[in-house]
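# Topology and contacts: notes
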Amino acid sequence: MTEKAKIIVDGKSYELPVVIGTEGEKGIDITNLRKETSYVTLDNGFGNTAACTSAITFLDGEKGILRYRGIPIEQLAEQSTFVETSYCLIFGRLPTRSQLGEFTKSFSRQYDLHRDMLNFFAGYPPAGHPMGLLSSMVCSLSGYYPELLKPEPTPDEIKQIAVQLLAKVNTISAYTYKKSIGQKFTAPRKDLDYIPNFLHMMFSRPGREYKIEEEVLSALRTLLILHADHEQNCSTSTVRLVGSSWANMFASISAGVCALWGPLHGGANQKVVEMLEEIHRDGGNIQKYITKAKNPDEKYRLMGFGHRVYKNFDPRATIIKRRAHELFDKMGIVDPLLDIAVKLEEAVLKDDYFAERKLYPNVDFYSGVIYKAIGIPTPMFPVMFAIGRMPGWIAHWKEMREDAESRIGRPRQIYTGETQHDFVPIDEREEAGIKK
Ligand code: CMC
């Protein structure tokens, strides 16, 4: 028998269907609630609202579980590559050897940017934040490659846009960095895989080819895989909302980049390292910052702690912490920021304020120290997150557009403003001293 929920509104009882997910998650379907009762639901920050059904990523915040297309994140982080994981997220299953080969090869044809796109970089202020440039460039791809932007793209066209986006974002991101330091662009190398090609474009200079260390490659691979999707977070919901109006994939994902930029979301990795640097400059007084974060009058947060969904631990943070130690040990790096991070984590985990609110290190807490060790500057950290999240955004856009039931996103509100009053012309307002 199908499960139903009962709601009593104004003394009258209504039955609502219950939707059950494949992992047993239950949701009350309120799609017709307003039609039947004239009531809407109010859910600040969508903490309790499923905006859609989705078959891409499962996470259980209480148990610290994260799976892409059913595969545990720990296994993907250890055994997969970023391109293989991207394929799995976008197309729903792990690729065969020949599918993976064809997918990888299709990237190499797309790394180059349109010649005219380079003018964009020239016009952007060198000190401007790289996320502003990344978002603009992603959106501008729609102008340079309009041939695929049909209102109803075929599966093959969607695949081509996805490949174009993944490949070009690799190049755009590296060029964004080169622009910020005033260096000549390093052209992509089509013989290299995705991450080596990125490192090459970031760090090779005329006459000096960057030597790619296996440890760096492996740490970056893990980070990108861990960032690849996280179901209906702020930026992914933005991509879906923008895409729900049938805006093209470039435009929708450009909006996702902007949503990710915020310090409460993907911008947190930059803020974590800035916070650790501040604590370091301030003599390493961790308690001072913990006290500040606990004081409601300060409006100060410990960046890299807390998560809307994870309430015991963030499985990504556990993997990243281990990776950070491995990288530092193998490369003989000594960075006081890693020590401060470890001590801050230990102190926070013992503190009742954080325990009561279930605030644990999140994915952004240790990722910044790894990026820093690789030589990536802090303003580029959110860009790294965006490169990683690209396949997730593509997968969600694709899933939504392929879903025959999908409708334009259009939330309701509860109006709390002025009730009706008449317009008063300006002369009369002045004369009467009326303010509104
Ligand atoms: N430091 C100090 N207090 C905090 C923190 C923090 N980092 N995070 C939450 N709190 C407190 C908050 O003040 C509130 O306290 P009270 O109940 O006394 O008012 C309580 O914990 C609940 O916080 P909330 O803001 O209602 O929680 P949320 O689910 O809306 O926000 C969050 C989640 C991630 C935005 C938040 O924890 C935060 O701002 N963390 C710092 C920024 C950060 O690290 N963001 C990266 C998130 S992981 C990457 C991603 O997926 O985006």
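So, how was this worked out
- Residues numbered from 1 in each chain as written.
- Predicted model: local features only at pLDDT ≥ 70, side-chain atom pairs only at ≥ 80, totals over all residues.
- Heavy atoms only, no water.
- Helix = DSSP H or I, 4+ residues; strand = E, 2+ residues; numbered from the N terminus.
- Rg over C-alpha atoms; globule rule 2.2 N^0.38 Å.
- Buried < 20%, exposed > 50% of the residue type's maximum accessible area, 1.4 Å probe, protein only.
- Contact = heavy atoms within 4.5 Å.
- Areas by Shrake-Rupley, 256 points an atom, 1.4 Å probe, with all protein chains shown as cover.
- Lys, Arg positive; Asp, Glu negative; His and termini not counted.
- Charge placed at Lys NZ, Arg CZ, Asp CG, Glu CD.
- Pairing = 2+ DSSP bridges.
- Domains from an automatic or database assignment.
- Buried area = accessible area lost by both parts, 1.4 Å probe.
- Salt bridge = Lys/Arg side-chain N within 4 Å of Asp/Glu carboxyl O.
- Near = heavy atom within 4 Å.
- Polar contact = N/O pair within 3.5 Å; in protein donor to acceptor, adjacent residues only side chain to side chain.
- Nonpolar A, V, L, I, M, F, W, Y, C, P; charged D, E, K, R; others polar.
- Core = buried A, V, L, I, M, F, W, Y, C linked by side-chain atoms within 4.5 Å.
- Axes fitted to C-alpha atoms, helices over the stretch in contact; angles between N-to-C directions.

## Examining the overall build of the protein
Check the secondary structure of the protein and you find 19 helices and six strands. Relative to the compact-globule value of 22 Å for 436 residues, the protein shows a C-alpha radius of gyration of 24 Å, a close match. The principal-axis extent of the C-alpha atoms belonging to the protein is close to 75 × 65 × 55 Å. Here the protein holds 436 residues, and the buried ones make up 47% of them. Sequence separation of 24 or more characterises 70% of the internal contacts of the protein that already satisfy a separation of 6 or more. Of the roughly 22800 Å² of accessible surface on the protein, a fraction of 52% belongs to carbon and sulfur atoms. Between the mean site of the 55 positive side-chain charges and the mean site of the 55 negative ones, the protein shows a separation of 3 Å.

## Considering the pairing of strand E5 (residues 65-68)
Across four bridges, the pairing between strand E4 (residues 57-60) and E5 is antiparallel. Counterpart to aspartate 60 in the pairing with E5 is isoleucine 65. Between E4 and E5, which pair antiparallel in sequence order, lie four residues; one of them, glycine 64, sits at a positive phi of approximately 70°. Here E5 runs beside strand E6 (residues 71-72); their pairing, made up of two bridges, is antiparallel.

## What about the domain arrangement of the protein?
Here the protein is partitioned into domain 1 (4-60), domain 2 (70-263 + 389-402) and domain 3 (268-374). A C-alpha centroid distance of 27 Å is found between domain 2 and domain 3. Contacts between the two partners involve 22 residues from domain 2 and, on the opposite side, 21 residues from domain 3. Interface area, domain 2 with domain 3, both sides summed: about 1800 Å², of which 68% is carbon and sulfur. Area buried by domain 2 at its contact with domain 3 is led by Leu223, His230 and Pro263, which between them contribute 29% of it. Along the contact surface separating domain 2 from domain 3 lie one salt bridge.

## Side note on the side chain of aspartate 229
Tracing the chain through its elements places aspartate 229 in the loop between helix H9 (214-227) and helix H10 (234-243). No salt bridge is formed by the buried aspartate 229; the nearest opposite charge belongs to arginine 389, separated by 4.9 Å. Ignoring any residue separated from it by four or fewer positions in sequence, one finds aspartate 229 in contact with Ile56, Thr57, Leu66, Tyr68, Leu89, Thr236, Arg389, Gly392 and His396.

## Quick notes on the site of the ligand
Close contacts around the ligand come from 19 residues, with His265, Arg301, Leu302, Gly304 and Arg308 the closest. At 3.2 Å from a nitrogen atom of the ligand is found a side-chain nitrogen or oxygen belonging to tyrosine 353. The fraction of the free accessible surface of the ligand (940 Å²) that becomes covered by protein chains is 74%. Residues that form the shell around the ligand fall into these classes: 10 nonpolar, five polar and four charged.

## Side note on the pattern of salt bridges
Per the stated rule, a full pass over the model turns up 20 salt bridges. Linking arginine 316 and aspartate 314 is a salt bridge whose minimum nitrogen-to-oxygen distance equals 2.9 Å. Accessibility expressed as a relative area gives 2% for aspartate 314, which makes it buried. Of the charged contacts in the structure, one is a salt bridge between glutamate 326 and arginine 323, with a shortest N-O distance of 2.9 Å. Within this pair, glutamate 326 and its partner arginine 323 are both found in helix H14 (residues 315-331), separated by three residues, close to a single helical turn. Look at the salt bridges and you will find they share partners, linking Arg189, Asp191 and Glu209 into a network.

## Description of the nonpolar core
If you look at the biggest cluster of nonpolar residues, it comprises 113 residues, and the most contacted ones within it are Leu165, Leu302 and Leu344. Lining this core are residues from two domains, each supplying at least three of them: domain 2 (70-263 + 389-402) and domain 3 (268-374). Excluding its chain neighbours within four sequence positions, the residues that come into contact with leucine 344 are Met275, Leu276, Ile279, Ile286, Ile290, Leu302, Phe305 and Phe365.

## Side note on the sheet that holds strand E2 (residues 12-20)
The antiparallel open sheet is built from three strands, whose spatial order is E1-E2-E3. Strands with a single pairing partner mark the edges of an open sheet, and in this sheet they are strand E1 (4-9) and strand E3 (26-28). Here the strands of the sheet are splayed against their neighbours by 35° on average, with no regard to which way each runs. As defined by bridge partners, E2 adjoins E3 across three bridges and the pair is classed as antiparallel. Pairing of valine 19 across the sheet is with glycine 27, part of E3.

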